[in-house]
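Structural features, examined
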Amino acid sequence: MSRSWSLPFLTSHQGDEKQGKYALIILNQPFSFALLRRLWNASQWRCCADGGANRLHDTLTAHKDIEGSQDLHKNYLPDLIKGDLDSLRDDVRVYYETTGIPVVQDHDQDSTDLMKCVEALTEKERIEGGDQYDIIILGGLSGRLDQTVHTLSYLHKLRKTRHRVFAVSDENAAWLLDEGEHHINIDHDAFGPTCGLLPVGIDYTILSTSGLRWNLTDTKSHFDGMVSTSNHLVPSEPVVTIQTSKPLWWTMELRAKNLES
Ligand SMILES: Nc1ncnc2c1ncn2[C@@H]1O[C@H](COP(=O)(O)OP(=O)(O)OP(=O)(O)O)[C@@H](O)[C@H]1O
Ligand SMILES: Cc1ncc(C[n+]2csc(CCO)c2C)c(N)n1
């Protein structure tokens, strides 16, 4: 099976085709206002995972302090805050609750706040009917190693039930490529130069690529052997193709300057 990918929520070209409707899940990790604004505007449903609401609130406060704009919080009200709520600050909880935002506590100690938010989205989709949302997870790629590995593992598992799930931070855009052939449309103003093909959670995969500085042809990649890190996108190549025999994590560096435009 061949799949085509583009990330219109991170590129400035208006012509980029929109692939679907997006659900944004904000994790408890630092992010820039520029990135938040981009992802927020591209999304139709926004959810904060527990302390993610602190980050949202604090990022908006910090930006307001710099720009002096009024009522920024009211322009960025999430649809839901959900988690075990051991990280949500009282002042943030009071602010959003009095604004009418649902704050849902789920005490389950066998699932993470990220999982709880995806479950909430799945329930929303069940009620709404229609197509699935594509998911943009803001954060989860760095910070605490157990949480980072959780993100890698959870998206690996989600490939069986969800069409497209992206993890985005100010440094990276990354997602899982299922076994098969992938065509990734590259906006070189937004991404690069570095990228990686990471065989996480599999014994090994056989890779063939084009559009990279260090391409592979029927090459075995495994955690205990060859891992293509610090690879480069080639500026003259608008598409990267990757053929993988097993699920593979793909990551591209983000160009921060592009977010300002
Ligand atoms: N340091 C971190 N590094 C990477 N991801 C994080 C980190 N901290 C939080 N997250 C992500 O943000 C979500 C919300 O985090 P929060 O701090 O509110 O709760 P937590 O108690 O640390 O996480 P959880 O309850 O889900 O284990 C987590 O589920 C996780 O996906
Ligand atoms: C084997 C095993 N390891 C760790 C946890 C702990 N844990 C996993 S998810 C979660 C919720 C965090 O909000 C917690 C506490 C568990 N339950 N089972």
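The following paragraphs examine the structure supplied in this document. (Residues numbered from 1 in each chain as written. Chains lettered and ligands numbered in written order. Predicted model: local features only at pLDDT ≥ 70, side-chain atom pairs only at ≥ 80, totals over all residues. Heavy atoms only, no water.)

What about the environment of Ile206?
One can find Ile206 in strand β11 (residues 205–210). In this structure, the C-alpha to C-alpha distance between Ile206 and Asp218, residues 12 residues apart in sequence, is 5.5 Å. Excluding residues that lie within four positions of it along the chain, Ile206 makes contacts with Asp218, Thr219, Lys220, Gln243, Thr244 and Ser245. (Helix = DSSP H or I, 4+ residues; strand = E, 2+ residues; numbered from the N terminus. Contact = heavy atoms within 4.5 Å.)

So, the pattern of salt bridges
On inspection of all chains with the given rule, the structure shows nine salt bridges. Here Arg89 and Asp91 are joined by a salt bridge, their closest N and O atoms 2.9 Å apart. The partner of Glu125 in a salt bridge is Arg162, and the shortest N-O contact between them spans 2.6 Å. Here Glu125 is found in helix α5 (residues 113–128), whereas its partner Arg162 is found in the loop between α6 (145–158) and β7 (165–168), with 37 residues between them in sequence. (Salt bridge = Lys/Arg side-chain N within 4 Å of Asp/Glu carboxyl O.)

Points about the nonpolar core
Counting residues in hydrophobic clusters, the biggest one holds 53 residues, and the most contacted among them are Phe9, Leu10, Leu36 and Trp250. Ranked by the residues each element gives to this core, the list is headed by helix α1 (residues 33–42), at seven residues. When residues of this core are assigned to domains, at least three fall in each of domain 1 (16–170) and domain 2 (174–261). For Leu10, the residues in contact, after removing those within four places along its chain, are Leu35, Arg38, Leu39, Val168, Ala173, Ala190, Phe191, Leu254, Asn258 and Leu259. (Core = buried A, V, L, I, M, F, W, Y, C linked by side-chain atoms within 4.5 Å. Buried < 20%, exposed > 50% of the residue type's maximum accessible area, 1.4 Å probe, protein only. Domains from an automatic or database assignment.)

As for the site of ligand 1
Ligand 1 sits among 17 residues. The nearest are Asn28, Gly51, Asp113, Ser142 and Arg144. A distance of 3.4 Å separates an oxygen atom of ligand 1 from a polar side-chain atom of Asp50. For ligand 1, the accessible surface in isolation is 570 Å², of which the surrounding protein chains cover 86%. Broken down by class, the residue content of the shell around ligand 1 amounts to three nonpolar, nine polar and five charged. (Near = heavy atom within 4 Å. Polar contact = N/O pair within 3.5 Å; in protein donor to acceptor, adjacent residues only side chain to side chain. Areas by Shrake-Rupley, 256 points an atom, 1.4 Å probe, with all protein chains shown as cover. Nonpolar A, V, L, I, M, F, W, Y, C, P; charged D, E, K, R; others polar.)

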